[in-house]
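# Residue-level structure breakdown
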Amino acid sequence: MAVTILAIESSCDDTSAAIWQDGKILSNCVANQDIHQKYGGVVPEVASRAHQENIVPVVHQALEEAGIDKSKLSAVAFTKGPGLIGSLLVGVSFAKGLALSLGIPMLEVNHMRAHVLAHFAEAPHPSFPFLCLTVSGGHTQIVLVKDFLDMEVIGTTIDDAAGEAFDKTGKLLDLPYPAGPLIDHYAKEGKAIYPFPEPKIEGLDFSFSGLKTSILYFLKKELKNNPDFIKENLADICRSVQDRIVSILIKKLIRASEQTGIQEIAIAGGVSANSGLRQAIGETGQEKGWNTYIPRFEYCTDNAAMIAVTAYYKYLKGEFTDQSVTAVARWKVGI
Ligand code: KG4
Ligand code: ZN
């Protein structure tokens, strides 16, 4: 019989539902919450209320687009964490209610593991073992992926995430939240002429907070001489910041590949939508002889398809969860 999974993702500010059946994503619907733009970041209380409003319509849409009646579902999957607790609780509670009413099992999914397994939403996908650079608004990790459910974080940020570096820079530049896509857009017209420093950090870990501070002092100094400095040089500033963030990421990825001897290299998470990073991965891959994997845009940012894929492999192993489950704000991959 076909395995049909409804998956729900509500860890941050996007409410998403997807249907997986027999190795294929049939639908992947996302309701964005534009309301956070005016606050310059995600407001947890506002996000959980919006999930509450969006979850039923998004789930209906996912079922409808897939042409699946809810009576045909084999299981319901949800993001247990990590994320904003109030946002997660909406998804967890919805999944519990649905599972109970339909009499079907539940599958809990780690959001960061799901970002990695987004690569299996469609072909081509990396073969095991591979390295995945997972870069989002909340995390920056290099993950050694041995199997679907066997992975280990071998590098992580000690302060800000790469997405945070983009978003906090955007705040300094007076750009709306989330600034990552806008910085990417302006950077295309600019040149990397401002030499923002590279953090000196050993091993495979990352640090981005020094970069943010150096951008802050740089802008303060320039704005004193010319109040229109940002407006007149936006493209060059964006390009300089983006190139620096990308070079920090690529340097550690090269080191991780050399240390592990692995040349199957993937990127995942919202920041993997960045055109500078995508280009750099492609170029470095050619130079180093890597096989590189970059998911389609809709599978880079938060989406329920990646939750469905991960849930499927848990389903095959019978790793179900029960009604006592609750959301967790922190949850490491690999434990
Ligand atoms: O994975 P994601 O959708 O949500 C989290 O789990 O955090 O990632 C969101 C992050 C935000 O920081 C956003 O600015 C960044 O991804 N982002 C980008 C781009 N698109 C999204 N950063 C740089 N360039 C982009 N094109
Ligand atoms: Zn995410």
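No experiment lies behind these values; they were computed from the predicted model shown.

Quick look at the side chain of T157 now. When you line up the elements, T157 lands in the loop between β8 (150-156) and α4 (162-172). One polar contact links the side chain of T157 to the main-chain carbonyl oxygen of D160, over a distance of 2.5 Å. At a separation of 3.5 Å, a polar atom in the side chain of T157 contacts the main-chain carbonyl oxygen of F206. Contacts of T157, omitting those with residues within four sequence positions, involve T140, F206, S207 and F208.

Of all eight residues that make up strand β7 (residues 140-147), six are buried, and the element is covered over most of its length. Two elements, strand β6 (residues 130-135) and β7, share six bridges in a ladder whose sense is antiparallel. Directly across from V135, in β7, lies its bridge partner T140. Linkage of β6 to β7, two consecutive antiparallel strands, is achieved through a turn of four residues. Sheet topology note: the β7/β8 ladder contains six bridges and is antiparallel. Bridging from a neighbouring strand, V143 pairs with V153 of β8.

Okay, the domain arrangement of the protein chain next. Taken domain by domain, the protein chain holds domain 1 (4-116 + 302-316) and domain 2 (124-295). Here the C-alpha centre of domain 2 lies 27 Å away from the C-alpha centre of domain 1. Counting from both sides, the interface comprises 12 residues of domain 1 and, opposite them, 17 residues of domain 2. Summed over both sides, the interface of domain 1 with domain 2 buries roughly 1300 Å², with 73% coming from carbon and sulfur. The largest contributions to the domain 1 side of the interface with domain 2 come from M112, R113 and V116, which together make up 44% of the buried area. Along the contact surface separating domain 1 from domain 2 lie zero salt bridges. Across the domain 1-domain 2 interface, the total number found is one residue pair in polar contact (both at pLDDT 80 or more). Listed by contribution, the elements that provide at least two residues to the side of domain 1 that touches domain 2 are α3 (111-117) and α10 (305-317). A per-element tally of the side of domain 1 that touches domain 2 places α3 first, with four residues. In terms of residue class, the side of domain 1 that touches domain 2 is made up of five nonpolar, four polar and three charged.

Reading guide: rules and limits
- Residues numbered from 1 in each chain as written.
- Chains lettered and ligands numbered in written order.
- Predicted model: local features only at pLDDT ≥ 70, side-chain atom pairs only at ≥ 80, totals over all residues.
- Heavy atoms only, no water.
- Helix = DSSP H or I, 4+ residues; strand = E, 2+ residues; numbered from the N terminus.
- Polar contact = N/O pair within 3.5 Å; in protein donor to acceptor, adjacent residues only side chain to side chain.
- Contact = heavy atoms within 4.5 Å.
- Buried < 20%, exposed > 50% of the residue type's maximum accessible area, 1.4 Å probe, protein only.
- Pairing = 2+ DSSP bridges.
- Domains from an automatic or database assignment.
- Buried area = accessible area lost by both parts, 1.4 Å probe.
- Salt bridge = Lys/Arg side-chain N within 4 Å of Asp/Glu carboxyl O.
- Nonpolar A, V, L, I, M, F, W, Y, C, P; charged D, E, K, R; others polar.

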